[in-house]
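What follows is each chain in one-letter form.
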Amino acid sequence: MDDKQIIDLYFARNEQAIAETEQKYGRFCWRIAMNVLDVWEDAEECVSDTWLSTWGQIPPTVPQSLKAFLGRIVRNLSISRFRSMRAKKRYNGMEVLLSELGDCVPSSANVEQTVEAKELSGYISEWLDSLPAEDCALFVRRYWFGDAVQDLAERCGITGPQMAQRMLRLRKSLRAALNQKGVAL
Amino acid sequence: MKEELMYDGITEIREDIIERAEVYAFPGEAENAEGPKGLTKKARKVHPVWVTIAVVAACLVLVVASPFVYIATRRAGSEAPATNPGQSLHGNKRPGDAETGKENPGDKAPETSVASADVWIYFVQDGEVCKERYRMNLQAEVVFDRWRAENGIGEEVQLLECEIRSKAITEQQGKVGFHTSGYDFSMYLTVSKNLESYYEQKDEVLLLDSLKQTMTGYSGLTYQEYHLILE
């Protein structure tokens, strides 16, 4: 079933929509949650909550890309879980991702504006557009899909440390781009 | 937290970028792609059978011979005057050894015959791990000293211990020694903790990788495990 038909089922309030979404995108959502949280039970719960949240948001929302829409919900639910449970549990995937993202945070020396996530995403999208296709794909696969550095290294046919170095350069490049815009978080 | 805001910012990036990244075919995938379902599988290099047999035979000889060499060197060490009591087969100092002052690493343990060979020394340069071949004694400390010099690390960083464990068992029954070979080798490398002060200057991951490749590569053994201990 294609995405348009699945979205039509949501609009018709047909519960088959959830089953179809789960069948088509269950593995995709689970992979993101697992990459980010690294705890099986919590990833399962996030994916279940994703179906509920999607049911609540469509309608009225009409997603342009159902896949990206679901991915965002999983990511948001994953970080919510991380925020609420961080005192009790250690989520390795998220800890590593956040520590790496610390390299992208612009310095506060040259501040012109303090931005929110929505505005920040505009700047990040602009920066991603300026990158070569492979660098753009690598950054998104690491920090949006949460793919492991070693997996990406194997996909590119290079070693893990070389990939880690490449990621470091990308993060520094993003920080430089945000600094240039005078953006602060 | 700023990192979390960055995470949220990345979550909201444009959908077309996400879709492009999802379908992007990396060069390694194209080379390694196999099978009708488009599943990617890493191409595996197949060695001829004789190479495998030769490697296993060489390892067996090394394992069987090592206790005899050890006993012989110990005996020679105890008979010869002015020996270096703290030096093991691999030339590493044990904690508590007397300081002998600065000396050329290549001159250590002159009273024992230590094989010398070409050794690959790995080092970090321009953001990547490079390697250079040097002829030197096959002693852990000598190899470590060269690695340290190649990476611009000061002499305050010391190799404290280099222990190779295997499941080999040597038993003495009367005048005869019986040896059961072990195949699973593990290297336990203990280095002084001040190595951490170079993590800023050199990339930590690359630096530790170069150390691992250097120290596990010089002996010709294949290690199942490698443990770095900073003390």
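Residues numbered from 1 in each chain as written. Chains lettered and ligands numbered in written order. Predicted model: local features only at pLDDT ≥ 70, side-chain atom pairs only at ≥ 80, totals over all residues. Heavy atoms only, no water.

A. Region of the structure containing the overall build of chain A. The number of helices and strands found in chain A is nine helices and two strands. What you see in chain A, going N to C, is helices and strands ordered as α-α-α-α-α-β-α-α-α-α-β. Put simply, chain A has 185 residues, and 50% of those count as buried. Of the contacts made within chain A by residues no fewer than 6 positions apart, 65% connect residues no fewer than 24 positions apart. Counting only carbon and sulfur atoms, one obtains 49% of the accessible surface of chain A, whose full area is about 8,600 Å². (Helix = DSSP H or I, 4+ residues; strand = E, 2+ residues; numbered from the N terminus. Buried < 20%, exposed > 50% of the residue type's maximum accessible area, 1.4 Å probe, protein only. Contact = heavy atoms within 4.5 Å. Areas by Shrake-Rupley, 256 points an atom, 1.4 Å probe, with all protein chains shown as cover.)

B. Spotlight on the packing of aromatic side chains. All names here are of chain A. Summed over the entire model, instances satisfying the criterion amount to nine aromatic pairs over all chains. Here the aromatic rings of Trp127 and Phe139 are separated by 5.0 Å at their centres, their planes lie at 80 degrees, and the arrangement is edge-to-face. Highlighted residues: Trp127 in helix α6 (residues 117-130) and Phe139 in helix α7 (residues 133-143), separated in sequence by 12 residues. Both rings, one in Trp144 and one in Phe145, keep their centres 5.1 Å apart while their planes meet at 65 degrees; by these two values the pair is edge-to-face. On the basis of relative accessibility, which here comes to 0%, the residue Trp144 falls in the buried class. In this structure Phe145 comes out as buried when scored by relative accessible area, which is 0%. Every member of this aromatic cluster is reached through a ring pair, and the members are Tyr25, Phe28, Trp144 and Phe145. Geometry around Trp55 places Arg13 over its ring, the cationic atom sitting 3.9 Å from the centre. (Phe/Tyr/Trp six-rings, centres within 6.5 Å; stacked < 30°, edge-to-face > 60°. Lys NZ or Arg CZ within 6 Å of the ring centre and 35° of its normal.)

C. Here's a closer look at the sheet that holds strand β7 (residues 223-230) of chain B. Residue and element names in this part refer to chain B. Pairing in this open sheet of three strands is mixed, and the strands run β3-β6-β7 from one edge to the other. One side of each edge strand has no neighbouring strand; the edge strands of this open sheet are β3 (159-165) and β7. Neighbouring strand axes in the sheet, compared pairwise and without regard to direction, differ in orientation by 10 degrees on average. Where strand β6 (residues 185-191) meets β7, seven bridges bridge the pair, whose relative direction is parallel. Counterpart to Phe185 in the pairing with β7 is Tyr223. Those strands touched by helix α6 (residues 204-217) are β3, β6 and β7, and its axis lies near 125 degrees from that of β7. (Pairing = 2+ DSSP bridges. Axes fitted to C-alpha atoms, helices over the stretch in contact; angles between N-to-C directions.)

D. Quick peek at the interface of chain A and chain B. At the interface, 54 residues of chain A touch 34 residues of chain B. Inspection of the region where chain A meets chain B yields seven salt bridges. Close ionic contact of Arg72(A) with Glu12(B) constitutes a salt bridge, the shortest N to O distance being 3.9 Å. If you list the elements that add at least two residues to the side of chain A that touches chain B, you get α2 (16-37), α4 (66-85), α5 (92-101), α6, α7, α8 (149-156) and α9 (160-180) of chain A. Class assignment of the residues belonging to the side of chain A that touches chain B gives a composition of 32 nonpolar, 10 polar and 12 charged. (Salt bridge = Lys/Arg side-chain N within 4 Å of Asp/Glu carboxyl O. Nonpolar A, V, L, I, M, F, W, Y, C, P; charged D, E, K, R; others polar.)

E. Representation of the confidence of the model for chain A. With 94% of its residues at a pLDDT of 70 or more, chain A shows a mean pLDDT of 84. Mean pLDDT across the secondary structure elements of chain A bottoms out at strand β1 (residues 113-114) of chain A, with 56, and peaks at α7(A), with 91. (pLDDT = per-residue confidence, 0-100.)

F. Looking closely at the pattern of salt bridges. With the rule as written, the count across this model stands at 24 salt bridges over all chains. Asp16(B) serves as the salt-bridge partner of Arg14(B), at 2.9 Å between the closest nitrogen and oxygen. For Arg14(B), a relative accessible area of 34% translates into the label partly exposed. In this structure, Arg165(B) and Glu163(B) form a salt bridge, with 3.2 Å as the shortest nitrogen-oxygen distance. Judged by its relative accessible area of 39%, Arg165(B) falls in the partly exposed class. We classify Glu163(B) as partly exposed; its relative accessible area is 29%. If you follow the salt bridges from partner to partner, you end up with Asp129(A), Arg14(B), Asp16(B) and Arg20(B) in one network.

G. Spatial organisation of the packing of α5(A) against helix α1 (residues 2-11) of chain B. Put simply, α5(A) and α1(B) touch, their axes get as near as 8 Å, and they point 95 degrees apart. In terms of orientation, α5(A) lies roughly perpendicular with respect to α1(B). Between α5(A) and α1(B), the contacting residues are Met94(A), Leu97(A), Leu98(A) and Leu101(A) on the first element and Glu3(B), Glu4(B), Met6(B), Tyr7(B) and Ile10(B) on the second. In the contact of α5(A) with α1(B), the residues fall into seven nonpolar, no polar and two charged. (Parallel < 35°, antiparallel > 145°, perpendicular 65-115°, else oblique.)

H. Representation of the packing of α7(A) against α9(A) in the model. Residues and elements named next belong to chain A. Relative orientation of the contacting elements α7 and α9 amounts to 95 degrees, with a least axis distance of 11 Å. It follows that α7 is roughly perpendicular to α9 by the angle criterion. Between α7, through Glu134, Asp135, Leu138, Phe139, Arg142 and Tyr143, and α9, the contact on the second element is made entirely by Met163, Arg166, Met167, Leu170, Arg171 and Leu174. Along the lines of polarity and charge, the residues of the contact of α7 with α9 split into seven nonpolar, no polar and five charged.

I. Highlighting α7(A). In terms of burial, α7(A) is largely enclosed, as 10 of its 11 residues are buried. Among the residues of α7(A), Glu134(A), Asp135(A), Cys136(A), Ala137(A), Leu138(A), Phe139(A), Val140(A), Arg141(A), Arg142(A) and Tyr143(A) are the ones counted as buried.

J. Inspection of the side chain of Thr21(A) at higher detail. Residues and elements named next belong to chain A. Along the chain, Thr21 falls in helix α2. Overall, Thr21 belongs to the buried group, its relative accessible area being 0%. Polar side-chain contacts of Thr21 include one of 2.8 Å to the side chain of Tyr10. Discounting residues that sit within four places of it in the chain, Thr21 has contacts with Ile6, Tyr10, Gly26, Trp51 and Leu70. (Polar contact = N/O pair within 3.5 Å; in protein donor to acceptor, adjacent residues only side chain to side chain.)

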